[in-house]
Amino acid sequence: MKKLIKNFLKDKFLILKIRNRFSPSVQIGQRQLYHSYRDLLNRGELPKITETGFRVFSQFEEDGLLLFIFSVIGMTNKVFVEIGSDDGVNSNSANLIFNFGWRGLFIDGNPTSIKRGTKFFSKYPHPWFYKPTFTCTRVTRENINSIIENNGFKGEIGFLSVDIDGNDYWVWEALEIIHPQVVCIETHNEFGLENIVVPYDADYSYPGKHPVYHGASPIAMRNLAKRKGYRLVGSNELGFNFIFIKDGLVEKEIPEVTVESLLTHPSVTEGYKSFAEIKDWEYVEG
């Protein structure tokens, strides 16, 4: 009974917390902003991407950054895949779903999160809204392509988000079934400007042997992106969710930036200290 009450209260809190995000004024404001960016694009007066971040559903200010990017690119392919989505509500794709009519796939290994997300999206913003697809499974570099294809997604898509606290680098490296215009992926900025990746472990789950010993450094992730045909254009303010755009898209309008320019928040310097404990552990070059 206590568990039922706890789950009920959690669901009610979630609903109350985000209900105001469905206000018509939120959607109207964002659509006005979209058209404002389009107008500024035509006039050659776009702001810097660092000036565009805000949060509606995302954990940090990714919602605003992504709105800016897709305003410039144009929302020509409104399909997403989010790997490590939790319940999909406080995600990098939710704002695109609710306010711009995107569709796509949420993947997470936590059955409770998937159940909660499926239930929530069955009701909000209204019962006849086009629902995202949810799948509950443990993601590895060996199965990621089949997971996505078996859920009906392949080829060109608009957006890919990866946040699995571990094998993010290896999963993106293996991913071939989809070709996103924009990628948002978590890096491990505690590694500073080292070009290192923690070796692949299909059985890894956070926190593993050490809470900092996982993932890839920003430099390594940038190098992987370049090999896959993407350029680095920005990140959240804390400098760990990196955003990449496919080469050939809006290169003049949203230029490439350096890794160093994104690692300026005071928390990054603090994070370097935790790396000292594991700096001599095993790594591979990215």
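The rules behind each value
- Residues numbered from 1 in each chain as written.
- Predicted model: local features only at pLDDT ≥ 70, side-chain atom pairs only at ≥ 80, totals over all residues.
- Heavy atoms only, no water.
- Helix = DSSP H or I, 4+ residues; strand = E, 2+ residues; numbered from the N terminus.
- Rg over C-alpha atoms; globule rule 2.2 N^0.38 Å.
- Buried < 20%, exposed > 50% of the residue type's maximum accessible area, 1.4 Å probe, protein only.
- Contact = heavy atoms within 4.5 Å.
- Areas by Shrake-Rupley, 256 points an atom, 1.4 Å probe, with all protein chains shown as cover.
- 1 Å grid on protein atoms, 1.4 Å probe; cavity = no way out; pocket = protein on both sides within 12 Å on 5 of 7 lines; lining within 4 Å.
- Points joined across faces, edges and corners; volume = space filled by probe spheres on them.
- Nonpolar A, V, L, I, M, F, W, Y, C, P; charged D, E, K, R; others polar.
- Expected span 1.5 Å × (residues − 1).
- Salt bridge = Lys/Arg side-chain N within 4 Å of Asp/Glu carboxyl O.
- Pairing = 2+ DSSP bridges.
- Axes fitted to C-alpha atoms, helices over the stretch in contact; angles between N-to-C directions.
- Core = buried A, V, L, I, M, F, W, Y, C linked by side-chain atoms within 4.5 Å.

J.: Mind laying out the overall build of the protein chain, listing which residues take part and the relevant values?
T.: A tally of regular secondary structure across the protein chain gives nine helices and nine strands. For the protein chain, whose C-alpha radius of gyration is 19 Å, the value lies close to the compact-globule estimate of 19 Å for 286 residues. The principal-axis extent of the C-alpha atoms belonging to the protein chain is close to 60 × 55 × 35 Å. With 286 residues in all, the protein chain has 51% of them scored as buried. By sequence separation, contacts in the protein chain at least 24 residues apart represent 70% of the contacts at least 6 residues apart. Counting only carbon and sulfur atoms, one obtains 52% of the accessible surface of the protein chain, whose full area is about 13,800 Å².

J.: I'd like a rundown of empty space enclosed by the protein, residues and numbers included.
T.: This model, assessed by the stated rule, comprises one cavity of 30 Å³ or more. Considered as a void within the structure, the largest cavity measures approximately 40 Å³ in volume. As for the largest cavity, its lining consists of Asp 165, Gly 166, Asp 168, Glu 186, Thr 187, His 188, His 214, Gly 215 and Ala 216. Counted by class, the lining of the largest cavity contains one nonpolar, five polar and three charged residues.

J.: Mind laying out helix 3 (residues 62-73), listing which residues take part and the relevant values?
T.: Compared with an ideal rise of 1.5 Å per residue, which puts 12 residues at 16 Å, helix 3 spans 16 Å between its outermost C-alpha atoms and is within 8% of the ideal. Of all the positions in helix 3, only Glu 62, Asp 63, Gly 64, Leu 65, Leu 66, Leu 67, Phe 68, Ile 69, Phe 70, Ser 71, Val 72 and Ile 73 are classed as buried. Buried residues along helix 3 sit in contact with helix 2 (24-43), helix 4 (94-100), strand 4 (155-162), strand 5 (178-186), strand 7 (230-235) and strand 8 (241-246). Taken from the residues just after helix 3, Gly 74 is the one with a positive phi, measuring 95°.

J.: Which residues make up the layout of surface pockets, and what are the values?
T.: For the largest pocket, the calculated volume is near 760 Å³. Lining the largest pocket are 31 residues; nearest its centre among them are Gly 84, Asp 108, Asp 163, Ile 164 and Asp 165. Of all the elements in the fold, those that place two or more residues in the lining of the largest pocket are strand 1 (79-83), strand 2 (103-108) and strand 4. Looking at side-chain class alone, the lining of the largest pocket contains nine nonpolar, 14 polar and eight charged residues.

J.: Can you tell me about the environment of Ile 148, naming the residues and giving the values?
T.: Of note, Ile 148 is situated in helix 6 (residues 144-150). The class of Ile 148 is buried, set by a relative accessible area of 0%. Ile 148 sits 31 residues away from Gly 117 along the chain, and the two C-alpha atoms are 18 Å apart. With sequence-adjacent residues up to four places away left out, Ile 148 is seen in contact with Val 81, Leu 105, Ile 107, Phe 153, Leu 175, Ile 177 and Ile 178.

J.: Got a sec to walk through the pattern of salt bridges? Specific residues and values, please.
T.: Tallying each qualifying case throughout the model produces eight salt bridges. In this structure, the salt-bridge partner of Arg 116 is Asp 86, at a minimum N-O distance of 3.4 Å. In this pair, Arg 116 is assigned in helix 5 (residues 111-121) and Asp 86 in the loop between strand 1 and helix 4, connecting sequence segments 30 residues apart. For Arg 116, a relative accessible area of 14% gives the class buried. Using a relative accessible area of 33% as the deciding quantity, one classes Asp 86 as partly exposed. Linking Arg 116 and Asp 87 is a salt bridge whose minimum nitrogen-to-oxygen distance equals 3.0 Å.

J.: Report on the sheet that holds strand 8, specifying residues and quantitative values.
T.: Strand-to-strand pairing in sheets goes through backbone hydrogen bonds, with the strands running parallel or antiparallel. With mixed pairing, seven strands are arranged side by side in an open sheet as 3-2-1-4-5-8-7. The strands lining the two open edges of the sheet, one partner per strand, are strand 3 (133-136) and strand 7. When the angles between neighbouring strand axes are averaged without regard to direction, this sheet yields 20°. Strand direction decides the pairing type here: strand 2 and strand 3, joined by four bridges, are parallel. Counted as the bridge partner of Phe 106 is Phe 134 from strand 3. Contacting strand 2 and strand 3, helix 5 runs over the sheet at an angle of about 165° to strand 3.

J.: I'd love a proper account of the nonpolar core, names of residues and values included.
T.: A general trend in soluble globular proteins is that nonpolar side chains are found buried together. Ranked by size, the top nonpolar core spans 39 residues in total, and within it Ile 148, Trp 172 and Phe 244 carry the most contacts. Leaving out residues up to four positions away in the same chain, Trp 172 has contacts with Leu 160, Val 183, Ile 185, Met 221, Leu 224, Ala 225, Lys 228, Tyr 230 and Phe 244. Formed by 38 residues, the second largest nonpolar core is a distinct cluster that contains Ile 69, Ile 97, Ile 114 and Cys 184.

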